[in-house]
Amino acid sequence: MESNMARYDETIAPLPRAEVEISGDRLTAGWQDGLLLIGRVAIGAIFLHSGFGKVMELSAFTARMESMGVPVASVMAPLGAFVEFFGGLAIILGAWTWLAALLVAAFTVVATYIAHRYWIMPPEQMAAQQTQFMKNLAITGGLLAFAAAGPGRFSIDGWRWRRENGRYL
């Protein structure tokens, strides 16, 4: 019985390329590292800025968390503020990106549940809180994409990888 499968030692001819390829993968392939850098800076800046404010006003942030009924707010507030600030910085720099993105995503999910439960808000606040909830949902998706895709070549992680492997991403 003859098989159409190629053997290990055979060369397989590549499929012919389409005349015009406009898929997102081909269209942005040359821009990937630059786009990842821009995305990291845009998302990381949100957390760096907000986290800095919380770190500088830690007592006010702790009091706000206590007023929302967060258990052990005296521990959770500093933890959240530092994850937000240093996670945002790590994302911008592309340092330990997968870990930073996952930690900041977890922070965002918890913060969203604590502060933006639009379904229990009075009608006059519901639309604004739903907008904040959906914004945080989108940011969480972007963070998870960084955890999966990596930071790109223009990052500390990319530099370390090239140095350790002696080649480019």
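Structure: see above.
Keep in mind the model is a prediction, meaning the values are calculated, not measured.

Rules behind the numbers
Residues numbered from 1 in each chain as written. Predicted model: local features only at pLDDT ≥ 70, side-chain atom pairs only at ≥ 80, totals over all residues. Heavy atoms only, no water. 1 Å grid on protein atoms, 1.4 Å probe; cavity = no way out; pocket = protein on both sides within 12 Å on 5 of 7 lines; lining within 4 Å. Points joined across faces, edges and corners; volume = space filled by probe spheres on them. Helix = DSSP H or I, 4+ residues; strand = E, 2+ residues; numbered from the N terminus. Nonpolar A, V, L, I, M, F, W, Y, C, P; charged D, E, K, R; others polar. Buried < 20%, exposed > 50% of the residue type's maximum accessible area, 1.4 Å probe, protein only. Lys, Arg positive; Asp, Glu negative; His and termini not counted. Salt bridge = Lys/Arg side-chain N within 4 Å of Asp/Glu carboxyl O. Polar contact = N/O pair within 3.5 Å; in protein donor to acceptor, adjacent residues only side chain to side chain. Axes fitted to C-alpha atoms, helices over the stretch in contact; angles between N-to-C directions. Parallel < 35°, antiparallel > 145°, perpendicular 65-115°, else oblique. Left-handed = near helix turned anticlockwise from the far one by under 90°. Contact = heavy atoms within 4.5 Å.

(A) Quick look at the layout of surface pockets. Quantified by volume, the largest pocket comes out at close to 550 Å³. Along the wall of the largest pocket there are 25 residues; nearest its centre are Lys-54, Phe-61, Glu-84, Phe-107 and Ala-111. The set of elements that each furnish at least two residues to the lining of the largest pocket consists of helix 2 (32-56), helix 3 (58-67), helix 4 (73-93), helix 5 (97-115) and helix 6 (123-149). Of the residues forming the lining of the largest pocket, the biggest block, seven residues, is contributed by helix 5. For the lining of the largest pocket, the class distribution of residues is 16 nonpolar, five polar and four charged.

(B) Spatial organisation of the side chain of Arg-162. Residue placement: Arg-162 occurs in helix 7 (residues 156-165). No salt bridge is formed by the buried Arg-162; the nearest opposite charge belongs to Asp-33, separated by 7.1 Å. In terms of polar contacts, Arg-162 uses its side chain to reach the backbone carbonyl oxygen of Arg-153, at 3.0 Å.

(C) A look at the packing of helix 3 against helix 4. Two elements in contact, helix 3 and helix 4, have axes separated by 9 Å at closest approach and are oriented at 125 degrees. It follows from the interaxial angle that helix 3 and helix 4 lie oblique. When the axes of helix 3 and helix 4 are compared, the crossing they make is right-handed. Judged by residue contacts, Leu-58, Phe-61, Thr-62, Met-65 and Glu-66 of helix 3 engage Ala-73, Ser-74, Met-76, Ala-77, Pro-78 and Ala-81 from helix 4. Here the contact of helix 3 with helix 4 is composed, by residue class, of eight nonpolar, two polar and one charged.

Everything listed is a geometric property; what it means functionally is a separate question.
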